[in-house]
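Examination of the molecular architecture
One-letter residues, chain by chain:
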Amino acid sequence: MALNDARLGRVKPAPENFLTDEDIQSVKDGRRDFLRKAFLTAGAAMAAPAVANAQPAGDPAILELPPWSKMLGKPVAANPYGQPSMYEKNLVRRESPGLTRVSGSSVSFCPLQGLFGIITPSGLHFERHHQGWVDIDPNKHRLMINGLVKTNAVFTMDDLMRMPSVSRIHFIECGANTGMEWGNVAVPTVQYSHGMISCSEFTGVPLKAILDMCGADYKKGRFVLAEGADGSSMTRTISMEMIESGEVLVAYGMNGEMLRPENGYPLRLVVPGVQGVSWVKWLRRIEVGDKPWATKDEAVHYIDLMPDGLHRQYSSIQECKSVITTPSGGQTLLDKGFYNVSGLAWSGRGKVTRVDVSTDGGINWRTARLETPVLSKALTRFNIDWVWDGKPAILQSRAMDDTGYVQPSYGQLRAVRGTKSIYHNNAIQSWKVVESGEVSNVQVL
Amino acid sequence: MSRFCKTLIVMAVAAGTAGSALAFDRYQGIGRPATAAEVQAWDIDVRPDFAGLPKGSGDAIRGMDIWEAQCASCHGYFAESNEVFTPLVGGTTKEDIKTGRVAALVNDSFPQRTTMMKVPTVSTLWDYINRAMPWTAPKSLSADEVYSLVAFLLNLAEVIPEDFELNQDSIREVQERMPNRNGMTTDHGMWPGASASKGGIGNGGKPDVKATACMRDCKKEVVLASALPEHAQDAHGNLAEQNRPVGGVRGVQTGAPAAEGAQAGGDPLLALATEKGCMACHGVANKIVGPGYNEIAAKYKGQADAAASLFEKVKNGGQGTWGAIPMPPQGHVKDDEIKQLVQWIMSGAKAQ
């Protein structure tokens, strides 16, 4: 039974800096299961007197009123732009050391291990820049439309923000997300294995409305080039079918405010379900054409090497995928007992319809709860109850979408695509739990 | 039809012919036609069929001079450097030029996947160098310079001889010699549009991997194919500091200190150095293309006049103090910003 007073003396989260030099040495020596033991000792040391004399009365955190209950707090607008609690400083974007050589052409990963629900806080949205990021004066920014249109046209931000807008929640995932793991386990946590994904509410104008205004030739012009205004002037080919569906947005808003500069302020393309590189940031130009462009990021990168030596070109859709974010690699469970296993699922083809979770490495599965909202081409949060009995376990999640597609295992994916493709790794992720409670990244075929 | 309606139609026609030629009455006053000069200024893309390619010419001999002055510092004299980015040239053979398929992509005979091993279309090289290189001064090259640089890279890969004149016409012959020109396939289901048979790309969205959702006794045993290698355990810093200090789990304590520059926020001068592109070539502690800032501070420690000469060096560029690789002039940075940066470097710049 969960609520029983024997639990007052149980293992407690340890205070900060409770590690002794010996403990730290033991990590360096490779003894990695020490943490839970350290919790036990720290917990015991703290708890012993408290349990002895507080047991009948209760918890000092309740009985001894804390300072914040006995003081005046800070005034309004002390932080004109609000900041997270000082206790949340651990959850920030981080680079993966050694992945790239210079940080101007690099990635910072989103801390999925600590996020809730489906919306990514804008300051934690993953970053991928090829030539650094810029902060553009919105009054000097222009969007040009040219190519197979009746009228080549120019729009200011004022123009675009006067037009009817829509707001939609979508995920954006880098095509190379989980790319380091194609051949073998390479990184310790879900931040580095899956953190090139984020999900936001984007506000903007359907590109279709703008192309209609310019008199686009939809018969001949079946492809569109999107181009950025930054140094890289990143270019990608977009399918006209997607634009005609009304899904593709020219967006300026993200989660209720303007886009962050790292995410393309003041204007970016939103291409739901398609890999992030196509969501051109700092968008300056759209050209309508009758053939794809084979730009650098669709002829040299973002091409998937197959075992026969051919590269798949214009592979754009992010297929159905999921990952358990808590508990996940690099974490330790505090104790045996109840846990809410929580994770994210998504599909570039539509809605997630089901997520199954296994705790035995994929022999048996149970269906998880999908939390609302469940939206097309958006992250979907799933949760499932789990009582950990203290024995080794392997946690996995497997998502399905409304096309009937089922997320594959590493064995199934590699049988078709080998291990060198870099992009579009959507295999089932496995987290191994050992007796100490420590969770680590493993791969199950 | 009432008179009122007719008036509306007449007005609409009038609006359509005068002023804005944009077709949607609904959005009156929004957008305007682009001038020819505006379109020319921005429409710089070059397609595989060479639509958009400006006229001009160059060759590898001229290309080498430009390369050494503007590209070699990051990509190496022979485009072989792995320091700032993956090597651009290497791994292709005479045989590949004949077949149009790069054998090293299958037999792993070359350690990296270089640009030249992958790129199927010569237009891609032209377009990209023209729009984005040199990395810290993009869109500064003339068309002739781009032709010369493309010729230089093609010559290094033995696709063309060094005196081959590359221009808007001869580039078509070169396409027929690109080592990986037959190396792409679009036969997949990951293009979000019409299939190739309907004027689009690929098979119309059919997935290549078919899994099923078995629920019970799905296999006899669990095969662990891979676990986190020992050397990678500590490579991402202390994981305890990357997890929330409250909830059902804690981060595992790992040994190594946080990686350089991994922390968010921090020093405004580091931000300035990053913004101005200095960090592309300099680490705080370590060498990238140029020396680490702390190495520079150590070298000039106690030399009162060093700041003035370093200011000149950053502003005007130069080489020879740390090696053969030159630092390009940093003319895009304001004088007082260079002074601040030099001051920051000399006083022991920190990574966070």
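Everything below is about the structure shown above.
The text that follows walks through the structure, step by step, so that each part is easy to find. (Residues numbered from 1 in each chain as written. Chains lettered and ligands numbered in written order. Predicted model: local features only at pLDDT ≥ 70, side-chain atom pairs only at ≥ 80, totals over all residues. Heavy atoms only, no water.)

A word on the sheet that holds strand E12 (residues 283-289) of chain A
Put simply, the rule reads: Should DSSP find at least two bridges between two strands, the strands are regarded as paired. Where helices and strands are cited, they refer to DSSP runs of H or I of at least four residues and of E of at least two residues respectively, numbered from the N terminus.
If you walk across this open sheet you meet the six strands as E8(A)-E7(A)-E12(A)-E3(A)-E4(A)-E1(B), and the pairing is mixed. Each end of this open sheet is capped by a strand with a single partner; those strands are strand E8 (235-239) of chain A together with strand E1 (32-33) of chain B. Bridge analysis of strand E7 (residues 223-228) of chain A against E8(A) gives five bridges, and the strand direction is antiparallel. Paired with Ala226(A) across the bridge in E8(A) is Arg236(A).

Observations concerning the side chain of Ser342(A)
Residue and element names in this part refer to chain A. This is how the line gets drawn: Side-chain atoms alone can form a polar contact between residues adjacent in sequence; in general such a contact is a pair of N or O atoms within 3.5 Å, and within protein one must be able to donate a hydrogen while the other accepts it. Whether two residues are in contact is decided by their heavy atoms, any of which lying within 4.5 Å being enough.
Topologically, serine 342 is positioned in strand E17 (residues 337-346). Polar contacts involving the side chain of serine 342 include one to the side chain of arginine 381, which spans 3.0 Å. Setting aside anything within four residues of it in sequence, one finds serine 342 in contact with Ile324, Thr325, Thr326, Arg381, Phe382 and Asn383.

Observations concerning the packing of aromatic side chains
To keep it simple, the criterion reads: Only the six-membered ring of Trp is used, alongside the rings of Phe and Tyr, when aromatic pairs are assigned; centres must lie within 6.5 Å, and planes under 30 degrees apart are stacked while those over 60 apart are edge-to-face, with the rest tilted. Burial classes: relative accessible area under 20% of the type maximum marks a residue as buried, over 50% as exposed, and values in between as partly exposed (1.4 Å probe, protein chains only). Charge over a ring is defined by NZ of Lys or CZ of Arg lying within 6 Å of the ring centre and within 35 degrees of the ring normal.
All told, the structure shown has 10 aromatic pairs over all chains when counted by the stated rule. A centroid spacing of 6.0 Å and a plane angle of 45° characterise the contact between Phe223(A) and Trp191(B), whose relative ring orientation is tilted. Residue Phe223(A) is located in strand E7, and its partner Trp191(B) is located in the loop between strand E4 (184-185) and strand E5 (224-227); the two belong to separate chains. Pair check on accessibility: Phe223(A) and Trp191(B) agree, each one buried. When the ring of Tyr314(A) is compared with that of Trp191(B), the centres are 6.1 Å apart and the planes differ by 75°; the resulting orientation is edge-to-face. With Tyr314(A) in the loop between strand E14 (311-312) and strand E15 (321-326) and Trp191(B) in the loop between E4 and E5, the pair connects residues from two separate chains. For Tyr314(A), a relative accessible area of 6% gives the class buried. A relative accessible area of 2% means that Trp191(B) is categorised as buried. Through a chain of ring-to-ring contacts, three or more aromatic side chains come together here, namely Phe223(A), Tyr314(A) and Trp191(B). For Arg349(A), the ring lying beneath its charged end belongs to Tyr405(A), and the centroid distance is 5.9 Å.

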